[in-house]
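An overview of the molecular structure
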Amino acid sequence: MTEKTVEKCEFKTEVSQLLDLVVHSLYSHKDIFLRELISNASDAIDKIRYQSLTDSSVLEENSGWQIKITVDKEKSTLTLSDNGIGMTHDELITNLGTIAKSGTKEFLAALQQDKNNVNLIGKFGVGFYASFMVADKVVVITKAHQSDAYQWTSDGKQGFELLPAEKTTRGTDVVLHINAESKAYLDEYEIRGLIKKYSDFVEFPIVMDIEREEIPKDAEGNPKENAQPEKKIVTETLNSMKAIWAKPKNDISQEEHNEFYRHIAHDFTDPLEVIHYHAEGTVEFKVLIYIPSQPPFDLFVRDAAKGLQLYINRVFIMSDAKNLIPPYLRFLKGVVDTNDLPLNISRELLQQNPQLEKISKNIVKKVLSSLKTMKEKDYDKYLKFYQAFGTVLKEGLHYDQANREAIAELLLFESTKTKNREYRSLDQYVSDLPEDQKIIYFHTAEDRVSALASPYLETFRKQNREVLLMLEAIDEIVLPDLFEFKGKQLKAISKGEVELNDEEKKTAEAEQKKASETYQDLLSYIQSKLAANIKEVRFSKRLTESPACIVLDEMGMTRQMQDLFKAMGKEAPQQKNILELNPNHSLLAKIDNLFKADPTSEKLTDYIVLLYDQSLLTAGFKIKDPMAFSKRLTDLMVAGEN
Ligand code: ADP
């Protein structure tokens, strides 16, 4: 026999980081190792069973799907064997030596800083690597269909060793050499308990050979008299294998839901909400969906696996059927099972299947209406949901025209009338509107403090009009898509003219007239001075305290939108803004005096440029030449001392 060549491989950095975290942060959650290994075994069987639908040759090797647990107390090993898809030599290296999930590197690097945050690592799902919490050595012996068997061995530190193995049937054995502190996992009752708790609903039998003492029986099957008990091995199935989604709603306990959720979501926490229903009509299907209570680490990673699991007649078809739910509901976890699709349908055909489209539409409606009910009936729970997933949900305003109104009803915003981190819905805003107000006003800013300090709010405060505060970057992109809600137009307060009632209009007109009489020449002069940057200079109807502000054209892009363009590497279309002056501010009188005394004075120019620059700053824009701004300000302060 030729000598077997041993390959020695190092773990990729992200695996080493994960292993380090698993061992250091999750020691109080050791139990999950078995659930993770059973999940992997059950996924592996799902995959080969799916393949067998179109290629029956895989069944010749072995079928009778099952997951077997074997304990050897003397050797301190616990082995999980499945007759699933197995792994080839190269798959072994990739699957158990790297982590394929996108965004992993960044996430793990962040986690290294915060090792004790179980919550954070719970967002990740540690999978196979959880084995190293209970084992000081793990051996994986595996064989894929029509390929050679290999053995992978590791102590979970630097790397692993690979060598050819003797295994003759397809599938995988994971042998855990249980460490000194985890011997309890070799106990039959401990294992039974864990399986009942975490993996009862797994679709395939999880079996174990159990040693029983039995009195031998006679030919008729009755216990022989005076016979000594004999040791016998019986194979027992430890799980009930009931597809939880097929059970009647009321027969499922919250505990069962929690465990099933953790099985499919690889999460540590319990789900926030369960949506379970059976749809009948042109397409029949069962849906069991969970809303997680915290976002996964890769919620915003573009190509992360997301979607629901699709089953056809209880046969698993795929794990992240993206076209079952739109991306803005990508936080949902769950299962859809239907009898109305052909079992051997290809993944490509599924993408454009009209039945699936119907199912998807139905699910979206149901999820949105469940969220609405949650918002009305259990606001505290809804707030938790919204804080975790509100940002993602908002994407729907842009992408799902048909459900825009329903999504808008679910939105919450802080406002000038709420406290910090208290919210108002658009509905509440609209129902509290004074009769004469036809517009829903909002203001976008980075945070509440800068939003409230904005000069744009001055008139609104005086008029006692509520303004919604949009404090997330996405608001700027998606709110224009909404355009209106319940017949009321949405409008940024930094744009266009302000809305005044008849009385306010009269006062404003009188003030404007007076301002023109006093300052018209100055206004024209400022306009000519700033012509390169400003489209128009006008007297303000919105300012009561500040001397001036930048206002955007009715159709113009808000400052945040311009920033977003820049962040995406695009050139924001050149736009000139409007400068509004407050004729009642004493600064204007002061500038006018300078202007009248000597329109060519350098001091006058400094004042005008400073006025413009500070308007840019209070509106959140950058000023073109901060050095010049600073010099002007310094000179002014020095002069002011004399
Ligand atoms: P996850 O299951 O979340 O993908 P794991 O780290 O648990 O992550 O497993 C990594 C990969 O290893 C799996 O995606 C799968 O391809 C492969 N794998 C793990 N266990 C098995 C098994 N029992 N049979 C076949 N492949 C497996």
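Residues numbered from 1 in each chain as written. Predicted model: local features only at pLDDT ≥ 70, side-chain atom pairs only at ≥ 80, totals over all residues. Heavy atoms only, no water.

1. Some remarks on the overall build of the chain
- In terms of regular secondary structure, the chain is built from 21 helices and 23 strands.
- Once the C-alpha set of the chain is aligned to its principal axes, its extents read approximately 125 × 55 × 45 Å.
- Burial status across the chain gives 51% buried among its 642 residues.
- Considering only residue pairs separated by 6 or more positions, the chain has 72% of its internal contacts joining residues 24 or more positions apart. (Helix = DSSP H or I, 4+ residues; strand = E, 2+ residues; numbered from the N terminus. Buried < 20%, exposed > 50% of the residue type's maximum accessible area, 1.4 Å probe, protein only. Contact = heavy atoms within 4.5 Å.)

2. Things to note about the site of the ligand
- The immediate surroundings of the ligand are formed by Asn40, Ala44, Lys47, Asp82, Met87, Asn95, Leu96, Gly127, Phe128, Tyr129 and Thr172.
- For the ligand, an oxygen atom lies 2.8 Å from a polar atom in the side chain of Asn40.
- Here an oxygen atom of the ligand sits 2.7 Å away from a polar atom, N or O, in the main chain of Phe128.
- Here the ligand has 530 Å² of accessible area as a free molecule, and 80% of this is covered by the chains.
- The dominant element in the shell around the ligand, judged by the number of residues it contributes, is helix 2 (residues 32–52), at three residues. (Near = heavy atom within 4 Å. Polar contact = N/O pair within 3.5 Å; in protein donor to acceptor, adjacent residues only side chain to side chain. Areas by Shrake-Rupley, 256 points an atom, 1.4 Å probe, with all protein chains shown as cover.)

3. So, unusual backbone geometry
- With a phi close to 60 degrees, Asn226 is a non-glycine residue in the positive phi region.
- With respect to the secondary-structure elements, Asn226 resides in the loop between strand 8 (206–214) and strand 9 (230–237).
- On the accessibility criterion, Asn226 (77% relative accessible area) is exposed.
- For Asn313, which is not glycine, the phi torsion reads 50 degrees and is therefore positive.
- Within the secondary structure, Asn313 is located in the loop between strand 12 (308–312) and strand 13 (315–321).

4. Remarks on the sheet that holds strand 11 (residues 285–291)
- Spatially, five strands are ordered 10-11-14-12-13 in an open sheet, and the strand pairing comes out mixed. Either end of the sheet is taken by a strand with one partner, and the two such strands are strand 10 (273–279) and strand 13. Sheet twist, expressed as the average angle between the axes of neighbouring strands with direction ignored, equals 15 degrees.
- Where strand 12 and strand 14 (residues 333–338) come together, four bridges link them in parallel fashion. Bridge pairing links Tyr311 to Asp337 in strand 14. (Pairing = 2+ DSSP bridges. Axes fitted to C-alpha atoms, helices over the stretch in contact; angles between N-to-C directions.)

5. Regarding the environment of Glu472
- Tracing the backbone shows Glu472 in the loop between strand 18 (468–470) and helix 16 (473–482).
- Measuring from C-alpha to C-alpha, the distance between Glu472 and Ala44 comes to 41 Å, with 428 residues separating the pair along the chain.
- For Glu472, the contacting residues outside a window of four places in its chain are Thr391 and Lys394.
- Engagement of the side chain of Glu472 in a polar contact is seen with the side chain of Thr391, the distance being 2.8 Å.
- At a separation of 2.6 Å, a polar atom in the side chain of Glu472 contacts the side chain of Lys394.

6. Description of the packing of helix 17 (residues 502–529) against helix 20 (residues 602–618)
- Running from N to C, helix 17 and helix 20 cross one another at 80 degrees; their axes reach a closest spacing of 11 Å. What the angle tells us is that helix 17 and helix 20 run roughly perpendicular. Residues Tyr525, Ile526 and Lys529 of helix 17 lie in contact with helix 20, whose contacting residues are Leu604, Thr605 and Ile608.
- For the contact of helix 17 with helix 20, the residue count by class is four nonpolar, one polar and one charged. (Parallel < 35°, antiparallel > 145°, perpendicular 65-115°, else oblique. Nonpolar A, V, L, I, M, F, W, Y, C, P; charged D, E, K, R; others polar.)

7. Comments concerning the packing of aromatic side chains
- Within the structure shown, the criterion is met by 22 aromatic pairs.
- Consider the rings of Trp245 and Phe260, whose centres lie 5.9 Å apart with planes at 45 degrees: the pair is tilted. Of this pair, Trp245 sits in the loop between strand 9 and helix 8 (254–265) while Phe260 sits in helix 8, and the two are 15 residues apart along the sequence.
- Ring centres of Tyr525 and Phe595 lie 5.1 Å apart, and the angle between their planes is 35 degrees; on these two criteria the pair is classed as tilted. Linking Tyr525 in helix 17 with Phe595 in helix 19 (residues 586–597), this pair joins segments that are 70 residues apart in sequence.
- A relative accessible area of 18% places Tyr525 in the buried class.
- Three or more aromatic residues joined by ring pairs form one cluster here, namely Phe201, Trp245, Phe260, Tyr261, Tyr290, Tyr311 and Phe316.
- The ring of Tyr198 has Arg35 lying over it, and the distance from NZ or CZ to the ring centre is 6.0 Å.
- The residue whose ring lies beneath Lys366 is Tyr277, and the NZ or CZ to ring-centre distance is 4.8 Å. (Phe/Tyr/Trp six-rings, centres within 6.5 Å; stacked < 30°, edge-to-face > 60°. Lys NZ or Arg CZ within 6 Å of the ring centre and 35° of its normal.)

8. Quick notes on helix 10 (residues 354–377)
- Between its terminal C-alpha atoms helix 10 stretches 35 Å, which fits the 34 Å expected from 24 residues at 1.5 Å a residue.
- By the burial criterion, the buried members of helix 10 are Leu356, Ile359, Ser360, Ile363, Val364, Val367, Leu368, Ser370, Leu371, Met374 and Lys375.
- The N-capping residue of helix 10, defined by a side-chain oxygen 2.8 Å from the backbone nitrogen of Gln355, is Asn353. (Expected span 1.5 Å × (residues − 1).)

9. Section: the sheet that holds strand 18
- With respect to topology, six strands assemble into an open sheet ordered 16-15-18-17-20-19, the strand pairing being mixed. Across the chains shown, the open sheet's two edge strands, defined by having one partner strand only, are strand 16 (424–425) and strand 19 (484–485).
- Pairing analysis gives two bridges linking strand 15 (residues 412–415) to strand 16, with the strands arranged antiparallel. Bridge pairing links Leu412 to Ser425 in strand 16.

10. Comments concerning the side chain of Glu14
- The topology assignment puts Glu14 in helix 1 (residues 13–25).
- Despite being buried, Glu14 has no salt bridge partner; Lys105 is the closest side chain of opposite charge, sitting 4.6 Å away.
- Aside from chain neighbours lying at most four places away, what touches Glu14 is Thr98, Ile99, Thr104, Lys105 and Leu108. (Lys, Arg positive; Asp, Glu negative; His and termini not counted. Salt bridge = Lys/Arg side-chain N within 4 Å of Asp/Glu carboxyl O.)

11. Observations concerning the nonpolar core
- Ranked by size, the top nonpolar core spans 110 residues in total, and within it Ile363, Phe385 and Leu393 carry the most contacts.
- Looking at which element gives the most residues to this core, the answer is helix 11 (residues 379–399), with nine residues.
- Dropping the residues within four chain positions of it, Phe385 is found in contact with Leu272, Ile291, Phe331, Leu371, Met374, Gly390 and Leu393.
- Judged by nonpolar contacts, the second largest core, of 76 residues, contains Val22, Leu26, Phe107 and Phe316. (Core = buried A, V, L, I, M, F, W, Y, C linked by side-chain atoms within 4.5 Å.)

12. Structural notes on the pattern of salt bridges
- Per the stated rule, a full pass over the model turns up 34 salt bridges.
- For the salt bridge of Arg192 with Glu236, the shortest nitrogen-to-oxygen distance reads 3.0 Å. On the criterion of sequence distance, the pair formed by Arg192 in helix 7 (residues 188–199) and Glu236 in strand 9 is long-range, its members being 44 residues apart.
- Salt bridges linked by common partners bring Glu497, Glu536, Arg538, Lys541, Arg542 and Glu580 together as one network.

13. Comments concerning the domain arrangement of the chain
- Entries for the chain in the domain assignment read domain 1 (7–213 + 232–237), domain 2 (244–364), domain 3 (411–492) and domain 4 (502–641).
- The centre of domain 2, based on its C-alpha atoms, is set 35 Å off from the matching centre of domain 3. (Domains from an automatic or database assignment.)

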